[in-house]
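Observations on chain architecture
Residue strings, one per chain:
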Amino acid sequence: MANVIVNRVREFLRKYPPFSFLSEDMLLRVAGEVELQYFEKGDLLFEKGDPAKKHFFVVREGAIHLSDRVGEKSVIREQCDEGDVFGVLALLGKRPYILTAQAAENSLVYAIPVQVFEVIMQQNNRVSMYFAAGFASGQVVVRTDLSQSQQANKLFTKPAQDNGLMIFSGQSSVRYSAPVLTCREEDTVGHAAKKMSQKGVGSIIVIDERRFPVGIVTDKDLRNRLIAQGKPYNTEVAEIMSAPVMTTRKEDDFAHVYLTMIKHRLHHLLITEDGTDQSSLVGIISDHDILLSQGNSPAVIIHALQGTDHVQEIAKLRDQAELLLRYYLENEISIDFIAGIITEINDIIVQRAMEMARQKHLKAFPEMASIPYCFLGLGSEGRGEQLLRTDLDNALIYADVPESMKSQALSFFHLVARDGMDILFACGFAPCPADMMANNPKWCQPLSVWKGYFSNWIRQPDHESLMLATVFFDYRPVAGDADLALQLTDHVYAEIEQEKLFLNFFAKNALLNPPPLGFFRNFIVEKSGEHRDKFDIKLRAMMPLADAARLLMLSHRQVGINNTFKRFEKLADLEPSQQELFLEAGRAYEIFMRIRAIEGLASGTSGRYIQPEKLGKLQRQLLKNAFFPIDELQKIIKVRFQLDYFGN
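Keep in mind it's a predicted model, so treat the numbers as computed, not measured.

Counting its secondary structure elements, the protein chain contains 22 helices and 20 strands. Taking all 648 residues of the protein chain together, the buried fraction comes to 52%. For the protein chain, the share of sequence-separated contacts (at least 6 apart) that also reach a separation of at least 24 residues comes to 71%. For the protein chain, the exposed area adds up to about 29,900 Å²; of that, 49% sits on carbon and sulfur atoms.

What follows is the structure in structure tokens.
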């Protein structure tokens, strides 16, 4: 009976983030720790100012109002319905609640112990980012029902003006408070408290004679370690300070700093010269500083997508993501961060589209409910680099079935792929001109057929096979059962191991696009046609780098890293002698992605074709400098794969 209850809890939680990000084993563990609580209408779960409990809450049934006292009135700030998470301050450290939670009707609530999430927060980056981006200010993250279009507009107002979008921005430097209020270990607590009062701050940093930080005294330390224990005010600071302190460098980006604070549930993080406690104190960043900047966040869009099955609303939310993209580009946010956010949003849209299509056709094909499938992103989508809604490259794999079910499986998955793609088109994604999409019957096949495809491409690497391999070797599981993709990957590497010359052919193919500068360092532009005198940044700059990264990762048998600049980061670790070149190549690729996205947003196109004369002098020089790694990489490939001796 207990197992039945735990499974019911698990099935409920898996529908909502952040629980949807967990593995089956971890989700089962969480479900096993859940406590079911019942509240009558009007019952209080907690009041504003109460110390945070040892668990946070998920509404199972009913409704919970979160309210604040404004003067003599109680004002409802949020209403939590089924699947909404609240009371999350317990995850960020024991601080008083900032709102009062009261049952608006008879309600069932899951109480989830904080300790269950301690390991998860450390190990699962998606969970950490979700809590940090959406829950940092202690606010509820509501699973909003967007069945009415005006609700989407209410959720997102002028995002380009919203400083809260800077959370996890990857900006180059952290805005920290300086100078920092300090004292010495031998100072009295009374002296330290007086300095804190005069400056109106809640903490003071304890330093040694070298100005190296050795501890911190906060209001909490004064309450718990001095007043509560009846110690005199002439007690030395060293007796009550919290130590050791956690430090970081002033050069560390905002994402790193904020994730560190979230994972370790810190209220203060010290900035030192070299990032350790063995160097001079430079500044301090507090969770209060971050709360002041917290506003809207990508988590809101992601959460809203999880809670709607209306195609029009999904399309509007993807439009909102494009506003986020514009904002991030205008504010020089790191491409790594931007790509991660947009990929996450695109992935959820794909997952929603495919599940909606699958549920639609299961009525006519109930026997297909247990047949696994996997929707693969290909090309830029497979690499997690599709910032704009450019053309879609994708495919669908489903498990092999008995002969008696082959016809039904073929029909079912073709219908699912067709309708799923129609939803994506309705959301503004463009169809692939070459028809490399799951709604093409050729690319919607059982696993055995896909293994055959890859075997043929590897064993007979003619021009068409290499062209297809260039697209399909960047596959990434986006929706469905990822194990099918892993089985295909095992097959691919086994085939490459048998056909070692394939990588030589693949290497020749990777050199088809030479460095994009002419003899006089002029841009090589299109000579005729619609795009005459324009520079093709995809063909001449991005593809050579993507092809090189893919080839070299295949040669190292590296699985699971598709993103081009992350591939170059990995290659820098694998080949220390070429570390500088690989890191430069990764940076160059990020520059090209940014320029293309900016051009695409400005022109309403894919951003592929750029007019060099419209670029400023510095932009042109930046582009030309970014071309340098292409030439160097192609020289390495030519030598490494012996292409001078390989033949034509």
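With 128 residues, the main nonpolar core has Phe-413, Trp-450, Phe-472 and Phe-592 as its most contacted residues. Ignoring any residue separated from it by four or fewer positions in sequence, one finds Phe-413 in contact with Met-368, Ile-371, Pro-372, Tyr-373, Leu-396, Tyr-398 and Cys-444.

What follows covers the pairing of strand S4 (residues 64-70). Alignment of S4 against strand S5 (residues 73-80), held across seven bridges, turns out to be antiparallel. Note on S5: the bridge partner recorded for Leu-66 is Glu-78. Counted along the chain from S4 to the antiparallel partner S5, the turn is two residues long, and its residue Gly-71 has a positive phi close to 65°. Two elements, S4 and strand S7 (residues 100-103), share four bridges in a ladder whose sense is antiparallel. Across the sheet, His-65 pairs through a bridge with Gln-102, a residue of S7.

Moving on, we get to helix H17 (residues 482-498). A turn of α-helix holds 3.6 residues, and therefore any two residues three or four places apart point the same way. Over its 17 residues, H17 extends 25 Å from the first C-alpha to the last, a length consistent with the 24 Å expected when each residue adds 1.5 Å. Turning to H17, its buried residues number three or more, namely Leu-484, Ala-485, Leu-488, Thr-489, His-491, Val-492, Tyr-493, Glu-495 and Ile-496. On the buried face of H17, the contacting elements are strand S15 (373-377), strand S16 (394-398), helix H15 (447-459), strand S18 (476-480), helix H18 (502-510) and helix H19 (537-555). Regarding H17, its N-cap is Asp-481, as a side-chain oxygen of that residue lies 2.9 Å from the backbone nitrogen of Asp-483 further along.

Attention shifts here to the environment of Gly-480. One can find Gly-480 in strand S18. Remark: the alpha-carbon pair of Gly-480 and Pro-372, spanning 108 residues in sequence, is separated by 7.1 Å. If we ignore the near neighbours within four places in the chain, the residues touching Gly-480 are Tyr-373 and Cys-374.

This part is about the packing of aromatic side chains. Applying the stated criterion to the full structure yields 30 aromatic pairs. Each ring, one from Phe-412 and one from Phe-413, has its centre 4.9 Å from the other, and the planes form 75°; the classification is edge-to-face. On the accessibility criterion, Phe-412 (0% relative accessible area) is buried. Of the residues examined, Phe-413 reaches a relative accessible area of 1% and is grouped as buried. The rings of Trp-443, Trp-450, Tyr-453, Phe-454, Trp-457, Phe-472, Phe-473, Tyr-475, Phe-502 and Phe-506 are connected pair by pair, giving a single aromatic cluster.

Moving on to a negative patch on the surface. Together, Glu-61, Asp-81, Glu-82 and Glu-105 make up a region of like negative charge exposed at the surface. Judged by its relative accessible area of 43%, Glu-61 is partly exposed.

Right, let's get into the sheet that holds strand S14 (residues 281-286). As summarised here, the arrangement of the three strands in space is S12-S13-S14, forming an open sheet in which the pairing is mixed. The open sheet has two edge strands, strand S12 (247-249) and S14, and neither has a second partner. Strand-to-strand twist of the sheet, defined as the mean angle between neighbouring strand axes without regard to direction, takes the value 35°. Sheet analysis places strand S13 (residues 268-272) next to S14, joined by five bridges and oriented antiparallel. Within the sheet, the bridge partner assigned to Thr-272 lies in S14 and is Leu-281.

Interaxial distance between H19 and helix H20 (residues 564-574) falls to 9 Å at its minimum, and their mutual angle equals 45°. It follows that H19 is oblique to H20 by the angle criterion. You can see that H19 and H20 cross each other, and the crossing is left-handed. Note on element contacts: H20 touches H19 through Thr-564, Arg-567, Phe-568, Lys-570 and Leu-571, opposite Leu-545, Ala-546, Ala-549, Arg-550, Leu-552 and Met-553. Looking at side-chain class alone, the contact of H19 with H20 contains seven nonpolar, one polar and three charged residues.

The omega angle of the peptide bond from Ala-243 to Pro-244 is -5°, so this bond is cis rather than trans. Relative to the helices and strands, Pro-244 resides in the loop between helix H7 (219-227) and S12. The phi torsion at Arg-211 lies on the positive side, around 70°, for a residue other than glycine. Inspection of the secondary structure assignment puts Arg-211 in the loop between strand S10 (203-207) and strand S11 (213-218).

With that settled, consider the environment of Asp-253. Note that Asp-253 resides in the loop between S12 and helix H8 (254-264). Taking the relative accessible area as the measure of exposure, Asp-253 reaches 29% and is therefore partly exposed.

This part takes up the side chain of Thr-100. Structurally, the position occupied by Thr-100 is in strand S7. Overall, the relative accessible area of 15% leaves Thr-100 in the buried class. Polar contacts involving the side chain of Thr-100 include one to the main-chain amide nitrogen of Lys-48, which spans 2.9 Å. Here Thr-100 is in contact with Leu-44, Phe-46, Glu-47, Lys-48, His-65, Leu-66 and Ser-67, once residues within four sequence places are set aside.

On the secondary structure map, Thr-470 appears in helix H16 (residues 463-472). Apart from the residues within four sequence positions on either side, Thr-470 is in contact with Phe-506, Asn-509, Asp-547 and Arg-550.

Mapped onto the secondary structure, Ile-98 falls in the loop between strand S6 (85-86) and S7. Its relative accessible area of 41% is what places Ile-98 among the partly exposed residues. Remark: the alpha-carbon pair of Ile-98 and Leu-66, spanning 32 residues in sequence, is separated by 9.4 Å.

Here the focus is the sheet that holds S6. Taken together, the four strands give an open sheet; going across it, the order is S1-S8-S3-S6, and neighbouring strands pair in antiparallel fashion. Unpaired on one side and paired on the other, strand S1 (35-39) and S6 mark the two borders of the sheet. Strand direction decides the pairing type here: strand S3 (residues 55-61) and S6, joined by two bridges, are antiparallel. Residue pairing in the sheet places Phe-57 in a bridge with Phe-86 of S6.

Moving on, we get to the confidence of the model for the protein chain. Residues with a pLDDT of 70 or more make up 86% of the protein chain, whose mean pLDDT is 84. A low-confidence stretch, residues 133-173 stays under pLDDT 50, and its non-local contacts, those more than four residues away or across chains, total 124 contacts. Under a pLDDT of 50 for its full length, residues 291-296 has, in the predicted model, 20 contacts with residues more than four places off or in other chains.

Residues of helix H2 (residues 24-33) that are buried: Met-26, Leu-27, Val-30 and Ala-31. In a view along the axis of H2, the buried residues occupy a sector of 140°, so they form one face of it.

Here the structure, examined in full by the defined rule, presents 33 salt bridges. The salt bridge involving Arg-557 is made with Glu-497; its shortest N-O contact spans 3.4 Å. One end of the pair, Arg-557, is in the loop between H19 and H20; the other, Glu-497, is in helix H17, and 60 residues separate them in sequence. The residue Lys-635 makes a salt bridge to Asp-631 at a minimum N-O spacing of 3.5 Å. Of this pair, Lys-635 and Asp-631 are both found in helix H22 (residues 617-640), four residues apart, which corresponds to roughly one turn of the helix. Since its relative accessible area comes to 46%, Lys-635 is described here as partly exposed. A relative accessible area of 31% places Asp-631 in the partly exposed class. The structure contains a network of salt bridges with shared partners spanning Arg-383, Glu-385, Asp-474, Asp-547, Arg-550 and Arg-567.

Calculation notes
- Residues numbered from 1 in each chain as written.
- Predicted model: local features only at pLDDT ≥ 70, side-chain atom pairs only at ≥ 80, totals over all residues.
- Heavy atoms only, no water.
- Helix = DSSP H or I, 4+ residues; strand = E, 2+ residues; numbered from the N terminus.
- Buried < 20%, exposed > 50% of the residue type's maximum accessible area, 1.4 Å probe, protein only.
- Contact = heavy atoms within 4.5 Å.
- Areas by Shrake-Rupley, 256 points an atom, 1.4 Å probe, with all protein chains shown as cover.
- Core = buried A, V, L, I, M, F, W, Y, C linked by side-chain atoms within 4.5 Å.
- Pairing = 2+ DSSP bridges.
- Expected span 1.5 Å × (residues − 1).
- Polar contact = N/O pair within 3.5 Å; in protein donor to acceptor, adjacent residues only side chain to side chain.
- Phe/Tyr/Trp six-rings, centres within 6.5 Å; stacked < 30°, edge-to-face > 60°.
- Patch = residues over 30% accessible without salt bridge, like charges linked within 9 Å, V, L, I, M, F, W, Y side chains within 5 Å.
- Salt bridge = Lys/Arg side-chain N within 4 Å of Asp/Glu carboxyl O.
- Lys, Arg positive; Asp, Glu negative; His and termini not counted.
- Charge placed at Lys NZ, Arg CZ, Asp CG, Glu CD.
- Axes fitted to C-alpha atoms, helices over the stretch in contact; angles between N-to-C directions.
- Parallel < 35°, antiparallel > 145°, perpendicular 65-115°, else oblique.
- Left-handed = near helix turned anticlockwise from the far one by under 90°.
- Nonpolar A, V, L, I, M, F, W, Y, C, P; charged D, E, K, R; others polar.
- pLDDT = per-residue confidence, 0-100.
- Arc of directions from axis to C-beta.

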